[in-house]
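# A structural walkthrough
The lines below spell out each chain.
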Amino acid sequence: MDKMDQAGVDSLRFMSIDMIEKAMSGHPGITIDAAPMAYVLWEKFLNFNPNDPQWLNRDRFVLSAGHGSALLYSLLHFNKYDVSLDDIKNFRQLNSKTPGHPEYGHTAGVDATTGPLGQGLGMAVGMAMAEAHLAAQYNKPDYPLFDHYTYALVGDGDLMEGISQEAINIAGDKGLRKLIVLYDSNDISLDGPLSLSTDEREKTRFEAAGWDYLKVADGNNLDDISKAIAMAKTTDKPTLIEIKTIIGYNTPDAGTNKVHGSALGETNVAATRKAYHWDYRPFEYPAGVADRFGQYVAAKKDAYDQWKQLFGKYAAAYPTEYQQLTTAELDTSAVHDDYENGSSVATRVVGADVLQSLAAKNPQLWGGSADLFSSNKTNLKDDGIFAKGNYAGRNVYFGVREFGMAAAVNGINLHGGSRAYGSTFMVFSDYLKAAIRLAALQHLPSIFIFSHDSLAVGEDGPTHEPIEQLAMFRTIPNVQVFRPADAHETVAAWKVIAKTTDRPSILIESRQKLPVLPETANAAVDRGAYIVSAAKTATPDGILLATGSEVQLALAAKKQLEETGNYDLQVVSVPSMELFDRQPADYRHKVLPTNVRKRLAIEMGSTGLWYKYVGLDGKVIGVDTFGKSGKGPEVIKDFGFTVDHVVETFNQLWQDK
């Protein structure tokens, strides 16, 4: 590489410095020391088209160390993406295209929302899985549609996060040879030298997980970085390239945590300009730099044009496959509700049946479990295992790695071309909540299936009985949660999930058998809540609300209350609070008439969120302590989920006038 390439590297450095300085906020250290590796990767190796940021066969780049966002925005600007100099100057300002951490869908060219350390690496693993899977499924003779790499740039903090170990083990086990990770190894974290908190050998760690390992001793040597990336592309394993750098290289505080998380300041910026012999004003760059970047971008266009022609021919030759690759919604035509009223079946079993039906019509649907296939019942029958030598397999064995699984599922869905789900016990959702949050923030249609939904888990006791998790899910913006009452509602919930393309869905399933209720045969799950048993009059004496296994309890209690107390009651099933809250006001008032103040909600979970429906005059039968170990039915009874207790509690509402 020549002097103009070095000028390009330094332009990235100073654009990052200048935008951070103008904002008086940001993380300059990584933007300075990682600029050489980023420049080499983007200009010499990364295939992309700035005019088509969602090109399906582009190489993916994930800045897992998302605090280095200024470097990514500099790359996007110089590589002709829709990031103008004005956008650069608005770094970290309200409503700008250049927020503090990269946001997918907000800034053209950002392949993943990152910042919570480690998750970018996990999503990159999912992207690499998607490339391997789609190539095995959809490539045809003379139609190599999918043939690209996934790159991630990680820092020391990424590799300290626990999710990183889960992610690298998944990638190593699956042999994801087209995953290449550049490790900005500067030995500094926010609080100081790594020696304060870790003494890990990444070479040993990654090799033990089934990766290849390469090292570049000088992070400023562009040729050595280039040789390492080229070598990584020849291996049959995922590769970590450790690139030794000095954080904030050539700044007065280089090599210390002082340059990690705050602007350099006017004096230090002046000294840095002098050290680099950088005789340019802020946001000005050497003549010829823009042209050099432009040359690199132009050189990538032939590959894009050839692929677009190939994809057009593929669409004509394989129209069914083309539609699967380009349609976000799932075909539900094979999903039927054949469950007999009065029979009993666990909703996890119903969910398994629906999955098989969906899989039959949607080859693009795939997913896995965190070592609980036999319990979650989420394996796709006769569809093979996704593994080295069989990337067409649709069942992913993630191992006991809930967080890594969820991040990978997000990465698969970020990649596009397929739809992925992950599954585990509901109580273990705590391990992957952060990934659900990122799925919601990125508007990903990730599907999270959680079985063993309540106190009914029984003998496994309080460690395995979810209590507060439902409330946790429901408070995450842009997530839709379903807790179906029976088989009918489960089928209906899946039909909504299949058509949802702009947010993650969470499906809560029972371990125990539940009666198939005739009242739910035409369940309006798509409305979030509906009248499952109407009152006789327009102004009932009270309303019972419930979800999941407690809907049957509410129906039984209504019957007894009407027989013994001469009440006129309405029962409302609430399979999805989020969907109900989005309904028009007139529908919500029809389901929950405002003039009916005697309301009782019943759910085996935290009570707090229910008060928005029952009000201060209402009551909630729920669980605000941890569970107990014992036979499921006995635990349920012990916590008051019985007809007698519901009747007693509703009668108390009337006594509290």
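Residues numbered from 1 in each chain as written. Predicted model: local features only at pLDDT ≥ 70, side-chain atom pairs only at ≥ 80, totals over all residues. Heavy atoms only, no water.

## Overview of the layout of surface pockets
In this structure, the largest pocket spans a volume of roughly 510 Å³. Lining the largest pocket are 29 residues, with Ala328, Asn413, His415, Gly416 and Gly417 sitting closest to its centre. Mapped by element, the contributors of at least two residues to the lining of the largest pocket are helix 13 (301-317), helix 14 (319-326) and helix 17 (402-415). (1 Å grid on protein atoms, 1.4 Å probe; cavity = no way out; pocket = protein on both sides within 12 Å on 5 of 7 lines; lining within 4 Å. Points joined across faces, edges and corners; volume = space filled by probe spheres on them. Helix = DSSP H or I, 4+ residues; strand = E, 2+ residues; numbered from the N terminus.)

## Comments concerning helix 26 (residues 643-655)
With 13 residues, helix 26 should reach 18 Å at 1.5 Å per residue; the first-to-last C-alpha distance of 18 Å fits that figure. The set of residues buried in helix 26 consists of Val646, Val647, Thr649, Phe650 and Leu653. Taken down its axis, helix 26 places every buried residue within 165 degrees of arc, on the same side. Across helix 26 from its buried face, at more than 90 degrees, point the exposed residues Asp644, Glu648 and Gln655. Those residues of helix 26 that are buried lie in contact with strand 17 (542-546), helix 21 (550-564), strand 18 (569-573), strand 19 (599-602) and strand 20 (619-621). (Expected span 1.5 Å × (residues − 1). Buried < 20%, exposed > 50% of the residue type's maximum accessible area, 1.4 Å probe, protein only. Arc of directions from axis to C-beta. Contact = heavy atoms within 4.5 Å.)

## A few points about the sheet that holds strand 16 (residues 530-533)
Read from one edge of the open sheet, five strands run 16-18-17-19-20, paired in mixed fashion. One side of each edge strand has no neighbouring strand; the edge strands of this open sheet are strand 16 and strand 20. If you compare each strand with its neighbour and ignore which way they point, the axes differ by 30 degrees on average. Where strand 19 lies against strand 20, three bridges are found, and the strand directions are parallel. Across the sheet, residue alanine 601 finds its bridge partner in strand 20, namely valine 620. (Pairing = 2+ DSSP bridges. Axes fitted to C-alpha atoms, helices over the stretch in contact; angles between N-to-C directions.)

## Things to note about the UniProt feature "domain: Transketolase-like pyrimidine-binding" (unreviewed entry) in the chain
Listed under "domain: Transketolase-like pyrimidine-binding" (unreviewed entry) in the UniProt record, and renumbered for this structure, are residues 345-516. Across residues 345-516 one finds 35% helix and 19% strand; the C-alpha atoms that close the span lie 7 Å apart. (UniProt positions renumbered as here; feature names shortened; annotations may be inferred.)

## Let's talk about the side chain of lysine 558
Of note, lysine 558 is situated in helix 21. The class for lysine 558 is buried, based on a relative accessible area of 7%. Among the polar contacts listed, one links the side chain of lysine 558 to the side chain of serine 533, at a separation of 2.7 Å. In this structure lysine 558 touches Ser533, Ala534, Ala535, Leu544, Leu569 and Val571, once residues within four positions along its chain are discounted. (Polar contact = N/O pair within 3.5 Å; in protein donor to acceptor, adjacent residues only side chain to side chain.)

## So, the sheet that holds strand 6 (residues 212-216)
In sheet architecture, strand pairing relies on hydrogen bonds along the backbone and comes in two forms, parallel and antiparallel. With parallel pairing, the five strands of this open sheet are ordered in space as 1-2-3-7-6. Each edge of the sheet is formed by a strand with only one pairing partner; in this case those strands are strand 1 (60-63) and strand 6. On average, adjacent strands in this sheet sit at an angle of 20 degrees to one another, irrespective of strand direction. Where strand 1 and strand 2 (residues 150-155) come together, four bridges link them in parallel fashion. Looking at strand 2, one finds that phenylalanine 61 is bridged to tyrosine 151. Packing of helix 10 (residues 222-232) onto the sheet brings it into contact with strand 2, strand 3 (179-185), strand 6 and strand 7 (239-244), and relative to strand 6 it is tilted by some 170 degrees.

## Quick notes on unusual backbone geometry
Phi at asparagine 250 takes a positive value of approximately 75 degrees, unusual for a residue other than glycine. As for its placement among the helices and strands, asparagine 250 is situated in the loop between strand 7 and helix 11 (266-275). For asparagine 250, a relative accessible area of 29% corresponds to the partly exposed category. In this structure, histidine 277 takes a positive phi of about 55 degrees despite not being glycine. One can find histidine 277 in the loop between helix 11 and helix 12 (289-299).

## A look at the UniProt feature "binding site: Mg(2+)" (unreviewed entry) in the chain
Per the UniProt record, "binding site: Mg(2+)" (unreviewed entry) is found at Asp156, Asn186 and Ile188. Judged by maximum C-alpha separation, these annotated positions cover 33 residues in sequence but sit close together in space, the widest gap being only 7.4 Å. Structurally, aspartate 156 can be placed in helix 7 (residues 156-160). Not counting residues up to four positions away in its chain, the partners in contact with aspartate 156 are Tyr183, Asp184, Ser185, Asn186, Asp187, Ile188 and Leu194. Mapping asparagine 186 onto the fold places it in the loop between strand 3 and strand 4 (188-189). The contacts of asparagine 186, once residues within four sequence positions are left out, are Asp33, Asp156, Thr245 and Ile247. Within the structure, asparagine 186 has its side chain in polar contact with the side chain of aspartate 33 (distance 3.2 Å).

## Re the pattern of salt bridges
This model, assessed by the stated rule, comprises 30 salt bridges. The partner of aspartate 305 in a salt bridge is lysine 301, with the nearest N and O atoms 2.9 Å apart. Within this pair, aspartate 305 and its partner lysine 301 are both found in helix 13, separated by four residues, close to a single helical turn. Relative accessible area serves as the criterion here: at 27%, aspartate 305 is assigned to the partly exposed category. Across the pair aspartate 617 and arginine 597 runs a salt bridge, and its minimum N-O distance is 2.8 Å. Of this pair, aspartate 617 sits in the loop between helix 24 (611-614) and strand 20 while arginine 597 sits in the loop between helix 23 (585-591) and strand 19, and the two are 20 residues apart along the sequence. Overlapping salt bridges, with partners in common, bring together Asp453, Arg474, Arg483, Glu550 and Glu603 in one network. (Salt bridge = Lys/Arg side-chain N within 4 Å of Asp/Glu carboxyl O.)

## Topic: the packing of helix 1 (residues 3-23) against helix 4 (residues 69-78)
Close contact between helix 1 and helix 4 brings their axes to 9 Å; oriented N to C, the two are set at 120 degrees. Between helix 1 and helix 4, the interaxial angle falls into the category oblique. Once helix 1 is placed against helix 4, the crossing between them reads as right-handed. Residue-level inspection shows Ser11, Leu12, Met15, Ser16, Met19 and Ile20 of helix 1 in contact with helix 4, the latter providing Ala70, Leu71, Tyr73, Ser74, Leu75, His77 and Phe78. Of the residues belonging to the contact of helix 1 with helix 4, the class tally is nine nonpolar, four polar and no charged. (Parallel < 35°, antiparallel > 145°, perpendicular 65-115°, else oblique. Left-handed = near helix turned anticlockwise from the far one by under 90°. Nonpolar A, V, L, I, M, F, W, Y, C, P; charged D, E, K, R; others polar.)

## Topic: empty space enclosed by the protein
Scanning all chains against the criterion turns up one cavity of 30 Å³ or more. One number sums up the size of the largest cavity: a volume of about 70 Å³. In terms of residue class, the lining of the largest cavity is made up of six nonpolar, one polar and three charged.

## Describing the packing of aromatic side chains
Counted according to the given criterion, the structure contains 34 aromatic pairs. A ring pair is formed by phenylalanine 14 and tryptophan 278, whose centres lie 4.7 Å apart and whose planes are at 5 degrees; its orientation type is stacked. Of the two residues, phenylalanine 14 sits in helix 1 while tryptophan 278 sits in the loop between helix 11 and helix 12, which places them 264 residues apart along the sequence. Judged on exposure class, the residue phenylalanine 14 and its partner tryptophan 278 are both buried. An aromatic cluster of three or more residues is present, and its members are Trp55, Tyr143, Tyr304, Trp307, Phe311, Tyr314, Tyr318 and Tyr322. Just above the ring of tyrosine 318 sits the side chain of lysine 140; from NZ or CZ to the centre is 5.3 Å. Directly above the ring of phenylalanine 639 sits lysine 628, whose terminal nitrogen or CZ lies 5.8 Å from the centroid. (Phe/Tyr/Trp six-rings, centres within 6.5 Å; stacked < 30°, edge-to-face > 60°. Lys NZ or Arg CZ within 6 Å of the ring centre and 35° of its normal.)

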